[in-house]
Each structure stands twice: as structure tokens, then as C-alpha cells.
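Each chain is listed here by its residues.
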Amino acid sequence: MNVKYVVFRVLDVGQGACNYVEIYNQAEAVVHNMLVDLGTNSSQAIATANIEWLKNQIKDRANPKIDVVMLTHGDNDHYNLMLKLLPALGPPTGQEIGMVRYGGVDWRYKIGNTSLITELKKYCSNVTGFGSQASGYDRDKSSWTRLWPSNDVFQPGDAQLYVLMANTQHPQDGTIRQGASRRPNAEAINSKSVVFGVYWNYRWFIGTGDGTAATLAQVNTHFAGVGLPPTMSMTLPHHGSRKTTYDLKAAKDAVGPESFKVVNDFLQLFKPWTISVSADEKRHHHPSLLMIAQFAAATQTTQIYWSDPSLAAGNHYLTPWIDERINQPTDPAYPGQPTYATTRTQANVYSTLYCDRRLIINYESPPLPANKLPKPTMAVDTSGVPRGRNWYFISDGTNLSLQSASSNSPATTSMMTFIGRAAAAGPSRNAAYRTTQTGLRATPGRFAQQTHTNMTRPPALITAAPPAGSQLRVRVICG
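Residues numbered from 1 in each chain as written. Predicted model: local features only at pLDDT ≥ 70, side-chain atom pairs only at ≥ 80, totals over all residues. Heavy atoms only, no water.

Asker: Can you lay out the overall build of the protein for me, pointing to particular residues and giving the numbers?
Answerer: Assigned secondary structure in the protein consists of 9 helices and 27 strands. Pairs at least 24 apart in sequence give 74% of the contacts found in the protein among residues at least 6 apart. Looking at the protein as shown, the accessible area adds up to about 18700 Å², and 49% of this sits on carbon and sulfur atoms. (Helix = DSSP H or I, 4+ residues; strand = E, 2+ residues; numbered from the N terminus. Contact = heavy atoms within 4.5 Å. Areas by Shrake-Rupley, 256 points an atom, 1.4 Å probe, with all protein chains shown as cover.)

Structure, rendered in C-alpha cells:
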């Protein structure tokens, strides 16, 4: 098969996750697809339009099926919408899904009284989980084994799926016991998240599920000294959770230098061009602005991949949980306490939680400290700006382009219109690894040579905690 495009979609399902990958051939027909997670802790109505869109996309294939379903871990906001999608595959015969893989233990996947894994086995004859700290990369042999496609159907030049890490061990793993009177430790569950790569033509997209500090540290250890392909886009771990990413007892706690270093080392491995976020305004307070700022500092700084047509060129909206204050003493302090607010940004960070019309503030962030924007002469008009957005990351094998649509009307823009637009060039091929048409080939010991070769300056990653007492001061301009 001669691949023309790989499209990695981040669909808005509220506080949850859904990534949908489609692989197009030279005739611009979808020849393969992958579904990674489908669930929410928000009102399920938020995901209605996207679920209907998914159904239609699958039905419109010449062979209506899903090649791969990946459930990253056993939290219901990553799988509890699956039963709404399965009927679109028709009466189950065991052939409607080519492969199902899941992180963690099977009994965690339960919707009401229904076992999701049991239901999936009606549609798929190839359903299984992973062993402890499983990876497609064998450090002893310095070799990769892809998860999909299988050797009997693989053709040179095909897109491929790799597992970087699954089922990371956690000190609280003993709490994960079926039938236990107490709930399992949440971080132990999240640490089992599958970190995966969708690879094609010397590039890949990286998904992180609800990976925690333990997950990132295990990836860092396993791939230390290993050259990895350039990362066109990466999902922000755990919806941007400050608590689990920085291994804090409480989200409000200060982040220490060791915690920053774990994240920094992880980012140095991948150096993603762009970051996507799947989140909603919930009590979890995702996504953390501090965490976004650290990840954004690792992304492309010479190429902005998407601009909101309602804003100045190069700008788009971002709605984080503002958990760090910046010292601008000439302004009134804002916020008095951490809060959600919509900022403008030029960073290559794109969130499904896009614009909250109740509170828009006149600063640009990330980076931290924020760049103060001039006070507008009138209130910002957001009447046509959607609250949620879907993001479509499109690879032509060399370049990346990014398109977006309102999550309330995902089918209003043709995918072929997206593909027909010019792609934005990314960093040149990474010299720290090599590859062939048959897949990844590791070159250990050269990861330090990974750079964004077309950058005018290297990314300034956060490597230490922010100064004590630093403050965020911004001005509310409408809300």
C-alpha cells in the first residue's frame, strides 16, 4: 500500500479522551483506521456530534471496520462511550475490529453491569492486554517490534503502531484488587496507561493516555540513549494534570526541581512539534497552565501550525487552569485564587477546551511569564468562537498541517479540504535514528543530537521550580 496521508484526530469529548487515526492511500481513500479511547466524565451530550461523525466515518469505508482499538487504561473517562459506537459496526461476527489492546486489568473496563472487554470480544477475535512494563522496544537487542500491522499483511511503506510503554509499575499497585472494599489508588491505575506511537515515513504521533510521573520516568529509563524519530504531535499526559505529572500529594503543592526534571527528560526524548490537550472545566482542574508552559517550551517556536481567524495572525485561544501567578506588579493581582480563564497564545498547544466566553483575559500564555497584551478598545467578540474544538493533525510523510472544526459540527468541513491545503514544514529528519521501509531501527547513544534543525534558538525548557512568591497578574477584559 502506498500511503499518502496519516491523520491523527483529537476529538472533543469533554473531560475524557478520544483519538481517531485514519490512513489514506494515494486515491485519498481511508484504508486503515485506529481508535484510541472513547470516554468522558463530562455530560455525554458533549460527545454526541463526534460519536455520530465517527459512526459515519467507519460506515463510509469500503470495508466498514476498525483495524485497531486501543484503550490506554481502565478509567471510565477513556472508554465509557464505546457501547454507543459498537452498534455502528453492525451485528457482531468477531471480524468487525481487527485488534483490541488495553492497558491495566480487564475487570476495570465496566460500563454499569456490562463488561466492555466481553462486549469487544463479540466484535473482535484478537483481544488482550499487556504484560508488566511492556514495550515494543527491546533494549537488550536494540530492536523494535511493531504492534500493528502483523507481518502477514505488512507492506513496505505502511503506517505502523508501536507501544513504547504499557502497564508501568507503581508503589500502590497492591490496591488494584477486584472486589476490594476500597477503591484502587488512582495514580496506580493511571500509571498503567499505554504510551504509543503512530509511525510513518520517519515521523510519528505520540499518545500518552493518563500517564503519570511514574510512566514518564519509566519511558525515560527505557529509552535512555536511544534515538527516536521526530514527533509531529504529542497528547498532553493525563489531560494536563499537575498533581500526577509532577507526583504531588495535592495539586496545589509546589513543584520541585526533580519533578520538573522527569518531565524535561521526557520532552528531550521526543521534542514534539505540537501538543494537544483533551480536557474540560471540572473539579480536576485540568489542564494546568504550568504544565502546559513546560510542554510548550519544547515545541516548535519558528512555525505556528494554526491560527484562529477571529484573532490576529498566529494567535488562538487556550483555556487552562491558571495555577501559577506571574509577577507584573503594575497590574492588579489576578487571579486571587487559581481559576479557569481563556488566554490567547501563539504556542503550538491546542486544546479541545477552547474558549470560555465567561472570562477572557488580555494576556498571552504560555510562555511563563505571560506577555501582557494591550487593553482592547471594546469587549472581545467571541460570538462565533466555539467552546470546544476538534483538532486534525495531518502528515504527508514530511510535513505537518493542522486543521480544526467546532466539536458541535465536526462534519461541516471536508477532510479532503484539509488535506488539499499546504502543509507546514517541520524540523528536518532526525540524525539520531535510522529507519527503513520495514520499520524503526534503533541507533543507541545518539539521542543528544536530536534538534529542531530549522529553529533559530533551542527551546528553553523549565528545569527548576519557579521562583518562590512569583505572581500572575493579568487584566480581565470581558466575562
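Read on for the rest.
Asker: Break down the pairing of strand β23 (residues 389-395) for me, with residues and values.
Answerer: Counted residue by residue, β23 has 7 buried out of 7 residues, so it is predominantly covered. The alternating pattern of β23 places R389, W391, F393 and S395 and N390, Y392 and I394 on opposite faces, both of which are buried. Relative to strand β24 (residues 400-406), β23 is paired through 7 bridges, and the arrangement is antiparallel. Bridge pairing in β24 links W391 to S404. From the end of β23 to the start of β24, which pair antiparallel, there are 4 residues, and G397 there has a positive phi angle of about 100 degrees. (Buried < 20%, exposed > 50% of the residue type's maximum accessible area, 1.4 Å probe, protein only. Pairing = 2+ DSSP bridges.)

Asker: Go over the sheet that holds strand β3 (residues 30-40) with me, naming the residues and quoting the values.
Answerer: Strand order in this open sheet of 8 strands is β8-β5-β4-β3-β2-β1-β23-β24, and the pairing throughout is mixed. Edge strands, defined here as strands with exactly one partner in the open sheet, are β8 (127-128) and β24. For strand β4 (residues 66-71) and strand β5 (residues 97-102), the ladder comprises 5 bridges, and the chain directions are parallel. Counterpart to M70 in the pairing with β5 is R101.

Asker: Describe the packing of aromatic side chains, with residues and values.
Answerer: Counted according to the given criterion, the structure contains 20 aromatic pairs. Between Y199 and W204, the aromatic rings sit 6.5 Å apart at their centres with planes inclined by 85 degrees, giving edge-to-face as the arrangement. Exposure class is identical for Y199 and W204. Each is buried. A centroid spacing of 5.0 Å and a plane angle of 70 degrees characterise the contact between W321 and Y340, whose relative ring orientation is edge-to-face. Taken together, the positions of W321 in strand β17 (residues 321-322) and Y340 in strand β18 (residues 339-340) put the pair 19 residues apart, joining distant regions of the chain. Linked through ring pairs, Y137, W144, Y162, Y199, W204 and F223 together constitute an aromatic cluster. (Phe/Tyr/Trp six-rings, centres within 6.5 Å; stacked < 30°, edge-to-face > 60°.)

Asker: Which residues make up the nonpolar core, and what are the values?
Answerer: One finds V6, M70, L161 and F393 to be the most contacted residues of the largest nonpolar core, which totals 39 residues. If one sorts the elements of this core by residue count, strand β1 (residues 3-10) sits on top with 4 residues. Core analysis: the second largest hydrophobic core is formed by 38 residues, F266, L267, F270 and A296 among them. (Core = buried A, V, L, I, M, F, W, Y, C linked by side-chain atoms within 4.5 Å.)

Asker: Which residues make up the sheet that holds strand β14 (residues 231-235), and what are the values?
Answerer: The 6 strands lie next to each other as β11-β12-β13-β14-β15-β20, forming an open sheet whose pairing is mixed. For this open sheet the edge positions go to β11 (160-165) and β20 (349-351), each flanked by a neighbour on one side alone. In this sheet, adjacent strand axes meet at a mean angle of 20 degrees when their direction is disregarded. Running at roughly 145 degrees to β14, helix α7 (residues 257-270) makes contact with β11, β13 (203-207) and β14 of the sheet. (Axes fitted to C-alpha atoms, helices over the stretch in contact; angles between N-to-C directions.)

Asker: Give me the packing of α7 against helix α8 (residues 289-296): which residues, what numbers.
Answerer: Two numbers describe how α7 lies on α8: the axes approach to 10 Å, and their chain directions differ by 35 degrees. Between α7 and α8 the crossing geometry is right-handed. Where α7 approaches α8, its residues F260, V263, N264 and L267 are matched on the opposing element by L290, Q294 and F295. For the contact of α7 with α8, the class distribution of residues is 5 nonpolar, 2 polar and no charged. (Left-handed = near helix turned anticlockwise from the far one by under 90°. Nonpolar A, V, L, I, M, F, W, Y, C, P; charged D, E, K, R; others polar.)

Asker: How would you explain helix α1 (residues 48-59) if you had to name every residue and give the values?
Answerer: Taking 1.5 Å of rise per residue, 12 residues should cover 16 Å, and α1 covers 17 Å from first to last C-alpha, within 8% of that figure. Buried residues of α1: N50, I51, W53, L54, K55, Q57 and I58, and no others. (Expected span 1.5 Å × (residues − 1).)

Asker: Any details on the confidence of the model for the protein? Residues and values, ideally.
Answerer: Here the protein averages 83 in pLDDT, and 81% of its residues register 70 or above. Counting contacts from residues 412-423, a segment whose pLDDT is below 50, to residues more than four positions away or on other chains yields 21 contacts. Note that residues 425-437 has pLDDT below 50 and, in this model, 52 contacts with residues that lie over four places away or in other chains. (pLDDT = per-residue confidence, 0-100.)

Asker: Could you give an account of the side chain of D77, naming the residues involved and the relevant values?
Answerer: Tracing the backbone shows D77 in the loop between β4 and α2 (82-85). R108 provides the closest opposite charge to the buried, unpaired D77, separated from it by 8.0 Å. Excluding its chain neighbours within four sequence positions, the residues that come into contact with D77 are Q15, G16, A17, G39, T40, N41 and H239. (Lys, Arg positive; Asp, Glu negative; His and termini not counted. Salt bridge = Lys/Arg side-chain N within 4 Å of Asp/Glu carboxyl O.)

Asker: Can you tell me about the pairing of β5, naming the residues and giving the values?
Answerer: With 5 of its 6 residues buried, β5 lies for the most part within the structure. The pairing of β5 with β8 spans 2 bridges and is classified as parallel. Of the residues in β8, the one forming a bridge with V100 is V127.

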